[in-house]
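What the coordinates show
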Amino acid sequence: MNRKLFIVSFVLIAALLASVSVFGGGSRETAPGEVVITWPTHWVGEMGAGPIIRELVDEFNALHAGEIRVVLEAHPEADAAEDVIRTRLAAGQPPDFFLFKLGPTTEVYYETGLLMDLTDELERDGWGATFDPGALAVSTINGEVRSLPIETALTPIWYNTRLFEEAGIDEFPTTIDEFWEAADRLLEIGVVPTSQMTGGANAWTSMLWYTHLVGSIGGPDVWDRAWDDPAFEEAAGIMKRMYQEYTTRDAIGAGPGESSAHFMNERTAMFVNGPWFVSNIRDNAPDVHAVTRLAPAPSAGDYHGHQVGWLLTSAAAAHTDDPARRDAVVQWFRFLTHPDNIKRQSLGRGSLMPVAFEIGPEDNVDPLQQQFIEAGNNATFLIDGIEAVMPVHVVQEFGQALSAMVLRDLPPSEFVALMRAAAE
Amino acid sequence: MKKNKTLVQKNTWWIILFTAPVFVLLLMFFVYPLISLTITSFMETAGFGSATFVGFGNFSRLFNNSVFRMSIRNNLIWAGSAAFLQVPLALLIALVLARQPAGWRFFRSAYFLPNVISLVALAMLWRAVYNPYYGILNGLLNLLGLDHLSRNWLGELETVLPALIISYQIYVGYFVIILYAGTLSISKSLYEAAEIDGANVFQQEIYISIPALRGFILSSVTLAVAFAFRQFETTFLMTAGGPANQSSVMALFMHRRMSAFQNGMASAVGILLVIIGIVVMKGLQVIFGMRSAAIEDAQQ
Amino acid sequence: MRSDVLRETPIVIQYTAKAGKWILLIGYLGVAILPLLWLGMSSFKTEFEIISAPLSLPQSLHYENFVNAIRISGLHRFFLNSFIVATCATTFNLFICSLAAFAVARERWRLRSTFLTFSTAMVLVPIISFMVPYYALILRLGLFNSIWALVLTYTAINIPISLFLITNFMKALPSELDDSAVIDGCNFWQRFSKIVLPLTKPGLATAGTFAVIGSWNEFVYAMLLTSSERARTVQFAVRFFSSEFRDDYGGMFAAIVLTMIPTIFIYILMHDKIVSGVTAGAVKG
């Protein structure tokens, strides 16, 4: 390896790079007066929200050709997209437009002064009235709306009616005693009653089961009394029993893949997830999709018929002093959250939205998706998922505390103590 | 050695020129971020803007946190496995390969392949291998009539860490490469002389190869221990630290604090990770009886 | 030549050694190759087959995974970027690290061991905690969303390992080499380029392999420091198959297989050539 070799390799590399700058300079020039709104997002690709979002962006750009252009900056992995947004905000460079999960941890985004205040805009032309008041209330902090609700989560209990019939269970149990009875019957025909999981980022399935139970014991405001209400301990006791007798052997440590695969393979008869999972089960296990029904959780206390549902995704924009830019961003916000476009998003990707819209028979809604809409309408009340009410470090501890309770055979009070310690 | 001393004055500018690029990049990409990390580690950060000086507050909170203590313990176990399992295994393989058995070229290339596979895919594979329903491990045990030993490997307190560490040994190839490259620098005449003296293969390896490879063994141990300390992806993808935080490690703990916006705590973990890592690295170098000065003397 | 020795050692030891040797070689070969075969096999399965029965054979071969891998993610468009980033970062990294390693390993100056110790300790740094500083640095250098951001970052973050490895390889060379070179009238640069560097090829190959693989597979900073396709690498394309609530493992694995092929190829081709070149002649008695 002598000097000549180095020179040759440098020349080669330089040539390569020159060729790249020719190929790579594909980014379009900005027309004078055109406002470009860059949107780094994980809503890309061919699954989930990708196709419908791309369609809406193209439409909006065509509508405002030469004036406003929304540019999708693809960050296909959701976690990585969160990292990118957090980092840019921390560096004081917020993206023009972005999505995030509004919760006790991300609330600090509001305090940075980097987000556009939309409070006054919502007053105009009744724009604010199109949003679900509850979701909008959550998005209002210190009287300011700096993000708009854009997607809702609703996570009823899913059950396999074929397996239930086989086990001789006619109706989904409404009380916890009926539930244990039904679970025993399922075991008798060799079916594991529930899918559970302590793994993944937040023990998703089990976290939702737990929240259902907590709601049925403690009622709508139970989270306001978090970790003090006896509901938290009682629900933990029920979870412990489910893990000990009525779930799969791999539940401890299982992730979303394992827990959903068990339900789709009819190894388990019950499961909890949101509407986004409908397309997954429809594509992968159409037979199970056909026999799946949704129900409210069995009641372990005074309340029944509620659902776990919360504001899942919010959209925000960077604060700007340029009125033209501000106006452009607001137009894009209005376009994206217009009831017609909200409906297209909802039907296009199977999600529930915090904006009301009409569905007619001509819309050809997936039957399971239709059940979601009904489940939301029929719910006696909604209770937030943990990620909406607890900071991230507490949410992350849920699966750990749950597995500690089951594996170490701790009393449910210890589970609550672990969660309380995490919350400190 | 004396001669080298006289070169110092003559070559000062050359030395500065040669080290400058690395020095500048280290400043930009390591020193500057580390300094800001250190400053943040003494701050209580609520969100982004506000930060108040709390002295060693973050550190004392960390040491009072049982999950963090568990993470340190696990990192030490990881480091031990790196030094006493991974590197010896790699050494054994490298020595065998150096004797050029049939197909050695093929073996040498194949052994590095796991390093190329994406961690996401490997983690899925290992999760499947350890799964109690369709996993190979339980399947094997059942086949051997040892059903009572089958378990939920990644979901039990006793088995999760060993299972993770064993799955990590797939990366032995990394150190096989270093050690194998080291064997190339050993003069063949040494072995020829030993053969004439009647030394068998084992004696040759113990009295010739291993002493000659001491520097490379030390490099491997140092790197393996460093990787064990910053070990993150395997744990994150396979268990996320569970069950019951039994497999948590410091880098994972730090990552969780970061995603919870607790930057003060996260930075403190980062600093402690580096400090504890250096102490353990130095400690192992002493255990292996080869402080760098000693090697230099031996080799010169 | 060396196997002659076996004839002179006791038979029991001979056979134990032989058996042990092959158990080790073939056993680890299994560990090394099976995951690759599994990945290859899985890339022909459907999403549902992969999550339901990860270890069983595909029921039928789904070639369309590979078609999807390219169609959905535009994988092919990112190979050139990945190739340039990995090649440049590795070349720059090896070049500056071998310069510094030469100064550290073959010269005696006051702070050299401090320099090396500090650099080596940086192997421990969890660089994932440097997202904000790196982002700010790249912005300030005006490199955001260019492949140069990645080239620079990967050149830098691979320094601790490369410098450490190359220094160790250079230290292992006998010191008489420099002395005789000085007597022959070589200057500093010539001693580096003509004498020491050629003998460090196994070290360069080792460090280079790690740097290539590291640059090729890096994901966090590849996403953080770029914002459009002109600067994106193949790792971006691979992630197109995992959405928030669903992973298309068939497509993902097919994309992973396609992105792995060049690294395997480079490894087998380059590493084998360089190392065997050295074996053939360079090491003298």
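Residues numbered from 1 in each chain as written. Chains lettered and ligands numbered in written order. Predicted model: local features only at pLDDT ≥ 70, side-chain atom pairs only at ≥ 80, totals over all residues. Heavy atoms only, no water.

**A closer look at the overall build of chain A**
Here is the rule we go by: A run of H or I in DSSP becomes a helix once it reaches four residues, and a run of E becomes a strand once it reaches two; helices and strands are each numbered from the N terminus. Between the two quantities, the radius of gyration covers C-alpha atoms and the globule rule is 2.2 Å times the number of residues to the power 0.38. Accessibility here uses a 1.4 Å probe with only protein chains present; expressed as a share of the type maximum, an area under 20% marks a residue as buried, one over 50% as exposed, and anything in between as partly exposed. In what follows, a contact means two residues having at least one pair of non-hydrogen atoms within 4.5 Å.
Broken down by element type, chain A carries 19 helices and 12 strands. Rg of the C-alpha trace for chain A: 24 Å, near the compact-globule value of 22 Å for 424 residues, within the 12% margin. Taken along the three principal axes of its C-alpha coordinates, chain A extends 70 × 70 × 50 Å. Out of the 424 residues belonging to chain A, those deemed buried represent 59%. For chain A, the share of sequence-separated contacts (at least 6 apart) that also reach a separation of at least 24 residues comes to 74%.

**A few points about the overall build of chain C**
Definition in use: The Shrake-Rupley method, run with a 1.4 Å probe sphere, supplies the accessible areas, and residue values consider only the shown protein chains as cover.
The helix and strand tally for chain C stands at 15 helices and 0 strands. If you line up chain C on its principal axes, its C-alpha atoms span 65 × 65 × 30 Å. Out of the 285 residues belonging to chain C, those deemed buried represent 62%. Accessible surface, chain C: about 10700 Å² in total, of which carbon and sulfur atoms supply 67%.

**Quick word on the pairing of strand 1 (residues 35-41) of chain A**
All names here are of chain A. This is how it is decided: Two strands qualify as a pair provided DSSP detects at least 2 bridges between them. By convention, orient the strands away from the viewer: a clockwise path from the first strand over the helix to the second makes the crossover right-handed.
Taken across its 7 residues, strand 1 has 6 buried, putting it largely inside the fold. Relative to strand 2 (residues 68-74), strand 1 is paired through 7 bridges, and the arrangement is parallel. The residue bridging Val-35 from the neighbouring strand is Ile-68, located in strand 2. Viewed along the sheet, the connection from strand 1 through helix 2 (residues 50-63) into strand 2 turns out right-handed.

**Description of the sheet that holds strand 7 (residues 157-160) of chain A**
All names here are of chain A. The line we're drawing: To define axes, lines are fitted to C-alpha atoms, for helices over the stretch in contact only, and angles between the resulting N-to-C directions are given on a 0 to 180 degree scale.
The mixed open sheet is built from 4 strands, whose spatial order is 8-9-7-10. A strand with exactly one partner marks an edge of an open sheet, and here the two such strands are strand 8 (192-194) and strand 10 (292-295). Across this sheet, the average inter-strand angle for adjacent strands is 20°, counted without regard to direction. Looking at chain direction, strand 8 and strand 9 (residues 268-272) are connected through 2 bridges and run parallel. Looking at the pairing, Thr-194 lines up with Met-270 of strand 9. Strand contacts of helix 8 (residues 176-188): strand 8 and strand 9, with the helix running at about 145° to strand 8, the strand carrying the most contacts. In this fold helix 11 (residues 256-264) packs onto strand 7, strand 9 and strand 10, with an angle of close to 135° to the strand it touches most, strand 9.

**A closer look at the interface of chain A and chain C**
Applicable threshold: Buried area is a sum: the accessible area each of two parts loses on coming together, probed at 1.4 Å, counted once for each and added. Think of a salt bridge as a Lys or Arg side-chain nitrogen and an Asp or Glu carboxyl oxygen that are within 4 Å of each other. For the purposes of these results, a polar contact is taken to be a pair of N or O atoms within 3.5 Å, where, inside protein, one atom must be able to donate a hydrogen and its partner to accept one; residues adjacent in sequence count only when each atom of the pair is a side-chain atom. Under this grouping Gly is polar, as are all residues other than the nonpolar Ala, Val, Leu, Ile, Met, Phe, Trp, Tyr, Cys and Pro and the charged Asp, Glu, Lys and Arg.
Residue-level contacts link 44 residues of chain A with 42 residues of chain C. For the pair chain A and chain C, the summed buried area comes to about 4000 Å², and 71% of that belongs to carbon and sulfur atoms. Applying the counting criterion to the chain A and chain C interface returns 1 salt bridge. Applying the counting criterion to the chain A and chain C interface returns 4 residue pairs in polar contact (both at pLDDT 80 or more). At the level of elements, helix 1 (3-24), strand 2, helix 3 (78-90), helix 11 and helix 12 (278-284) of chain A are the ones that each hand at least two residues to the side of chain A that touches chain C. For the side of chain A that touches chain C, the class distribution of residues is 24 nonpolar, 10 polar and 10 charged.

**Side note on the environment of A:Val214**
Residues and elements named next belong to chain A. Along the chain, the position of Val-214 falls in helix 9 (residues 204-218). On the basis of relative accessible area, Val-214 is assigned to the buried category, the value being 0%. C-alpha separation for the pair Val-214 and Ile-386, spaced 172 residues apart in sequence, amounts to 11 Å. Once you skip the residues sitting within four places of it in the chain, Val-214 turns out to touch Gly-219, Val-222, Ala-231, Phe-232 and Ala-235.

**Here we look at helix 13 (residues 250-259) of chain B**
Residues and elements named next belong to chain B. Burial runs high along helix 13: 10 of the 10 residues are buried. For helix 13, every residue scored as buried is listed here: Met-250, Ala-251, Leu-252, Phe-253, Met-254, His-255, Arg-256, Arg-257, Met-258 and Ser-259. Positioned one or two residues after helix 13, Phe-261 has a phi angle of 65°, which is positive.

**A word on helix 11 (residues 188-199) of chain C**
Test applied: Between the first and last residue of a helix there are one fewer steps than residues, each counted as 1.5 Å, and that sum is the expected span.
With 12 residues, helix 11 of chain C ought to run about 16 Å at 1.5 Å a step, and its terminal C-alpha atoms sit 16 Å apart, in line with that. For helix 11 of chain C, every residue scored as buried is listed here: C:Phe188, C:Trp189, C:Arg191, C:Phe192, C:Ser193, C:Val196 and C:Leu197.

**Section: the interface of chain C and chain B**
Listed as interface residues are 104 residues of chain C and, on the opposing side, 106 residues of chain B. Between chain C and chain B the total buried area reaches about 9400 Å² when both faces are included, carbon and sulfur atoms providing 78% of it. At the junction of chain C and chain B, the tally comes to 0 salt bridges. The interface formed by chain C and chain B holds 8 residue pairs in polar contact (both at pLDDT 80 or more) in total.

**Details of the side chain of C:Thr259**
Examined against the element boundaries, C:Thr259 turns out to sit in helix 15 (residues 249-282). Not counting residues within four places of it along the chain, the set of residues in contact with C:Thr259 comprises C:Leu75, C:Phe79, C:Trp216, C:Val234 and C:Val238.

**Some points on the state of the cysteines**
Test applied: In this description, the term disulfide denotes a pair of cysteine sulfurs within 2.5 Å.
On inspection of all chains with the given rule, the structure shows 0 disulfides over all chains. The thiol of C:Cys97 is unpaired, and the distance to the nearest cysteine sulfur, on C:Cys88, comes to 15 Å.

**Structural notes on the nonpolar core**
Note the following rule: To form a nonpolar core, buried Ala, Val, Leu, Ile, Met, Phe, Trp, Tyr and Cys residues must be joined to one another through side-chain atoms within 4.5 Å.
Ranked by internal contacts, the top residues of the largest apolar core, which has 283 residues, are A:Trp158, A:Tyr210, A:Trp227, A:Phe415 and C:Phe253. Of all the elements, helix 5 (residues 76-106) of chain C adds the most residues to this core, at 17 residues. Counting residues in each nonpolar core, the second largest holds 35 residues, with A:Ile52, A:Ala315, A:Val329 and A:Met353 among its members.

**What about the side chain of B:Arg256?**
Looking at where B:Arg256 falls in the secondary structure, it is placed in helix 13. Every residue in contact with B:Arg256, bar those within four places of it in the chain, is listed here: A:Gln396, A:Glu397, A:Gln400, B:Ala240 and B:Asn245.

**Quick notes on the packing of aromatic side chains**
Think of a pair of aromatic rings as described by two things: how far the centres are apart, and how the planes are tilted against each other in angle. To be explicit about the condition: Only Phe, Tyr and Trp rings are paired, with Trp represented by its six-membered ring, and only when their centres lie within 6.5 Å; those with planes under 30 degrees apart are stacked, over 60 edge-to-face, the remainder tilted. For a Lys NZ or an Arg CZ to count as sitting over a ring, it must be within 6 Å of the ring centre and within 35 degrees of the ring normal.
Counted under the stated rule, the structure contains 76 aromatic pairs over all chains. Taken together, the ring pairs connect A:Trp39, A:Phe60, A:Phe97, A:Trp332, A:Phe333 and A:Phe335 into an aromatic cluster. A cation over a ring is seen here: C:Arg239 above C:Phe219, with NZ or CZ 3.7 Å from the ring centre.

**A closer look at the domain arrangement of chain C**
Interface size is often expressed as the accessible area that is lost when the parts come together. Residue and element names in this part refer to chain C. The following threshold applies: A domain assignment, automatic or from a database, supplies the domain bounds used here.
Under the domain assignment used here, chain C contains domain 1 (4-42) and domain 2 (64-282). Summarising the inter-unit geometry, the C-alpha centres of domain 1 and domain 2 are found 31 Å apart. Taken together, the contact pairs 5 residues of domain 1 with 5 residues of domain 2. For the domain 1 face of the interface with domain 2, the top three residues by lost area are Leu-36, Leu-39 and Ser-42, together amounting to 82%. Between the two partners, domain 1 and domain 2, sit 0 salt bridges. Seen at the junction of domain 1 and domain 2, the total is 0 residue pairs in polar contact (both at pLDDT 80 or more).

**Remarks on the pattern of salt bridges**
Taken as a whole and assessed by the stated rule, the structure comprises 30 salt bridges over all chains. Here A:Arg326 ties to A:Glu121 by a salt bridge, and the two come within 3.2 Å at their closest N and O atoms. Of the two residues, A:Arg326 sits in helix 14 (residues 323-336) while A:Glu121 sits in helix 5 (residues 119-123), which places them 205 residues apart along the sequence. What makes A:Arg326 partly exposed here is its relative accessible area of 22%. One salt bridge connects B:Glu156 with B:Arg151, and the closest N-O pair in it is separated by 2.6 Å. Through salt bridges that share partners, C:Arg106, C:Glu107, C:Asp178 and C:Arg191 make up one connected network.

**Looking at unusual backbone geometry**
A cis amide bond, omega -10°, links B:Gly242 with the succeeding residue B:Pro243. Inspection of the secondary structure assignment puts B:Pro243 in the loop between helix 12 (233-238) and helix 13. The phi torsion at A:Asp409 lies on the positive side, around 55°, for a residue other than glycine. In this fold, A:Asp409 is placed in the loop between helix 18 (392-407) and helix 19 (412-423). Even without being a glycine, C:Asn145 presents a positive backbone phi close to 60°.

**Some details on the confidence of the model for chain A**
Here is the rule we go by: Known as pLDDT, the predictor's confidence for each residue is given on a scale from 0 to 100.
Residues with a pLDDT of 70 or more make up 93% of chain A, whose mean pLDDT is 90. Low pLDDT (under 50) marks residues 18-27 of chain A, which in the prediction has 7 contacts with non-local residues, meaning those over four places away or in another chain.

**Quick notes on the domain arrangement of chain A**
Residue and element names in this part refer to chain A. Domain assignment breaks chain A into domain 1 (35-154 + 310-363) and domain 2 (157-309 + 378-423). The distance between the C-alpha centroids of domain 1 and domain 2 comes to 30 Å. Facing the 12 residues of domain 1 at the interface are 18 residues of domain 2. Carbon and sulfur atoms make up 68% of the area that domain 1 and domain 2 hide from each other, which totals about 1200 Å². Looking at the side of domain 1 facing domain 2, the largest losses of area belong to Pro-104, Leu-154 and Trp-310, adding up to 60% of the total buried there. Connecting domain 1 to domain 2 are 0 salt bridges. Summed over the shared surface of domain 1 and domain 2, the result is 3 residue pairs in polar contact (both at pLDDT 80 or more). Looking at the side of domain 1 that touches domain 2, the elements with two or more residues in it are strand 6 (148-154) and strand 11 (307-317). For the side of domain 1 that touches domain 2, the leading source of residues is strand 6, giving 3 residues. Class assignment for the residues of the side of domain 1 that touches domain 2 results in 6 nonpolar, 4 polar and 2 charged.

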